[in-house]
Amino acid sequence: MIPFSARTHPGLRRSKNEDNFETDADLGLWIVADGVGGHSNGEVASEIACTTIREQVAKGSDLRSAIENAHQAVLREIDTRDAGNNMGTTVVALQLRGDSYEIAWVGDSRAYLFDGGLKQLTRDHSAVNDLIDSGAISKAQAAIHPQRHALSRSLGVSSTNASSVSVIKGKLGAGEQILLCSDGLTDELADTTIIAELTRNADLESQVDALVSAALASGGRDNLTLVLLGSPRQKPRSQKEAAPDLEVTQNIAARLAPETAGRRKTERITLLLFVLVCIILGATLI
C-alpha cells in the first residue's frame with residue numbers, strides 16, 4: 001500500500017475552509033476539491049464532490065463517470081436550497097492500481113509529479129489558461145491577469161455550466177511522488193519552492209508540513225489543501241559522505257603521530273633514568 005499524507009488549512013485570511021479532501025487507500029483513491037470562490041456554500045459543494053466520487057468508485061465507476069455524477073449531485077443540492085444559490089467546486093482525483101495511475105479533474109485544482117523535478121500533470125480549466133493556449137497572452141502575463149482565477153469549467157453552479165472531465169493516465173516510477181493540491185498552495189509557492197521543500201525533507205509528514213508552512217509564510221491568502229503520495233526520494237550519498245572512513249582514519253593518524261612519538265620518547269627517558277638510579281644505588285651499597 002502506497003504511503004501518503006494529507007493536510008487542509010483555512011489560510012490566514014479566510015473565515016472558513018471551503019476545501020475538502022478524501023483519501024481511501026483501500027480503493028486506491030485520493031481527491032482534493034476546492035469550493036468555487038464567489039459562490040456561497042463552496043464547502044458544501046466540495047464535500048458533496050468528494051463523498052459522491054468515493055461512493056461511485058466504490059460501486060465500480062471509473063473516475064470520469066464518478067465526477068460526472070458528482071456534478072449532478074451538486075446540482076441536486078442547489079435545487080433544494082434558496083433561489084440564487086449557485087455553489088460549485090473544482091476537483092482533482094487520483095486512482096492508483098499497482099504502479100498505474102489515472103487522474104481526472106475539473107477546474108484548477110492540480111496534480112504534479114515529483115521526481116527530483118516538478119511536472120504539472122493537469123491543465124487548468126481557466127479562462128486565462130485558454131488565452132495562453134491561444135497565444136493571446138504569455139505565462140508571465142497570466143500570473144498577474146485580473147481574471148486568472150476565473151474558471152472555464154467547474155462542478156455544480158448551474159445545469160448549463162461547463163463541467164467536462166479531463167483524464168490522463170501514467171505509471172508511477174520508483175522514488176516518484178504525486179502531489180494533489182488546491183490553488184491555495186500553488187498561488188503562494190513557485191515551483192522552485194515546492195521542489196526545495198520536497199527535496200530537503202526526508203519523510204512524507206515533514207514534506208507536507210513544510211509545504212503548508214511555506215504557503216502560510218508566503219501570505220496564506222486562500223484555503224489550501226494537499227495530498228502527497230509515495231515515499232520520498234532517497235538522497236544519494238556524495239563521494240565524500242559515501243567513503244569517509246579512510247579519510248577520517250588518515251586524519252586521526254596524522255594528528256596522533258606526533259603525540260605517539262612524543263609519548264614513546266618520554267617513556268624511554270623515564271626507563272633510562274630508572275636504570276641509572278638503580279646503578280647508583282647499587283654502587284652506594286657496595
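Shown above is the structure to which this text applies.
Residues numbered from 1 in each chain as written. Predicted model: local features only at pLDDT ≥ 70, side-chain atom pairs only at ≥ 80, totals over all residues. Heavy atoms only, no water.

S.K.: What exactly am I supposed to notice about the overall build of the protein here?
M.R.: Helix and strand counts for the protein come out as nine helices and eleven strands. Looking at the protein alone, contacts between residues at least 24 apart form 68% of all its contacts between residues at least 6 apart. Surface accessibility of the protein: about 15400 Å² in total, with carbon and sulfur atoms responsible for 53%. (Helix = DSSP H or I, 4+ residues; strand = E, 2+ residues; numbered from the N terminus. Contact = heavy atoms within 4.5 Å. Areas by Shrake-Rupley, 256 points an atom, 1.4 Å probe, with all protein chains shown as cover.)

S.K.: How should I be thinking about helix H1 (residues 42-58) in this particular structure?
M.R.: Its 17 residues give H1 an end-to-end C-alpha distance of 24 Å, which sits within 8% of 24 Å, the value for a rise of 1.5 Å per residue. Looking only at H1, the buried set comprises Gly42, Val44, Ala45, Ser46, Ile48, Ala49, Cys50, Thr52, Ile53, Gln56 and Val57. Considering only its buried residues, H1 is in contact with strand E2 (19-24), strand E3 (29-35), helix H2 (63-79), strand E4 (88-97) and strand E8 (155-156). The positive-phi residue at the C-terminal boundary of H1 is Gly60, with phi of around 110°. (Expected span 1.5 Å × (residues − 1). Buried < 20%, exposed > 50% of the residue type's maximum accessible area, 1.4 Å probe, protein only.)

S.K.: What's the story with the layout of surface pockets in this structure? I'm lost.
M.R.: One water molecule sets the probe size; rolling that probe over the atoms shows where empty space is left. In this structure, the largest pocket occupies an estimated 1100 Å³ of space. Lining the largest pocket are 37 residues, and of these Arg110, Asp124, Arg148, His149 and Asp187 lie nearest its centre. Top element by residues in the lining of the largest pocket is helix H3 (residues 127-134). It accounts for four residues. (1 Å grid on protein atoms, 1.4 Å probe; cavity = no way out; pocket = protein on both sides within 12 Å on 5 of 7 lines; lining within 4 Å. Points joined across faces, edges and corners; volume = space filled by probe spheres on them.)

S.K.: Where do I start with the environment of Leu121 in this structure?
M.R.: Looking at where Leu121 falls in the secondary structure, it is placed in the loop between strand E7 (118-120) and H3. Along the sequence, Leu121 and Lys169 sit 48 residues apart, while their C-alpha atoms lie 9.5 Å from each other. The residues touching Leu121, leaving out its near neighbours within four places in the chain, are Tyr101, Ile103, Trp105, Ala111, Tyr112, Leu113 and Ile168.

S.K.: Any chance you could explain the packing of H1 against H2 here in plain terms?
M.R.: The angle between the axes and the distance between the axes are what describe a pair of packed helices. Relative to each other, H1 and H2 sit at 140°, their axes nearing to 8 Å. It follows that H1 is oblique to H2 by the angle criterion. Where H1 crosses over H2, the handedness of that crossing is right-handed. Within the contact between the two elements, H1 uses Val44, Ala45, Ile48, Ala49, Thr52, Ile53, Gln56 and Val57 and H2 uses Leu63, Ala66, Ile67, Asn69, Ala70, Ala73, Val74 and Glu77. Class assignment of the residues belonging to the contact of H1 with H2 gives a composition of twelve nonpolar, three polar and one charged. (Axes fitted to C-alpha atoms, helices over the stretch in contact; angles between N-to-C directions. Parallel < 35°, antiparallel > 145°, perpendicular 65-115°, else oblique. Left-handed = near helix turned anticlockwise from the far one by under 90°. Nonpolar A, V, L, I, M, F, W, Y, C, P; charged D, E, K, R; others polar.)

S.K.: Mind showing me how you'd approach the sheet that holds strand E1 (residues 4-9) here?
M.R.: One key point about sheets: their strands pair by backbone hydrogen bonds, in either a parallel or an antiparallel sense. Read from one edge of the open sheet, five strands run E1-E11-E10-E6-E7, paired in antiparallel fashion. The outermost strands of the open sheet, each flanked by one partner alone, are E1 and E7. Mean inter-strand twist for the sheet, computed between neighbouring axes without regard to direction, equals 20°. In terms of strand pairing, strand E6 (residues 110-114) meets E7 through three bridges, oriented antiparallel. In the strand pairing of E7, Tyr112 is matched with Gln120. Across the sheet, helix H6 (residues 191-200) touches E6, E7, strand E10 (177-181) and strand E11 (224-229), and the angle it forms with E6 is around 55°. Strands E1, E10 and E11 of the sheet are contacted by helix H7 (residues 204-217), whose axis makes an angle of about 25° with E1. (Pairing = 2+ DSSP bridges.)

S.K.: Honestly, the environment of Ala217 in this entry has me stumped. Any pointers?
M.R.: Relative to the helices and strands, Ala217 is located in helix H7. With 205 residues separating them in the primary sequence, Ala217 and Leu12 have C-alpha atoms 9.5 Å apart.

S.K.: Help me out: how do you make sense of the pairing of E2 in this one?
M.R.: Every regular strand shows the same layout, with side chains that alternate between the two sheet faces. Where E2 lies against E3, six bridges are found, and the strand directions are antiparallel. Opposite Glu22, over in E3, you have Ile31 as the bridge partner. Hairpin connection of E2 to E3: four residues between the antiparallel strands, including Gly28 at a positive phi of 65°.

S.K.: In this structure, what is going on with the packing of H6 against H7? I would like to understand it.
M.R.: Packing of H6 against H7 brings their axes to within 8 Å, and their N-to-C directions diverge by 145°. You can see that H6 and H7 cross each other, and the crossing is right-handed. Residue-level inspection shows Ile194, Glu197 and Leu198 of H6 in contact with H7, the latter providing Gln207, Ala210, Leu211 and Ala214. The class makeup of the residues in the contact of H6 with H7 is five nonpolar, one polar and one charged.

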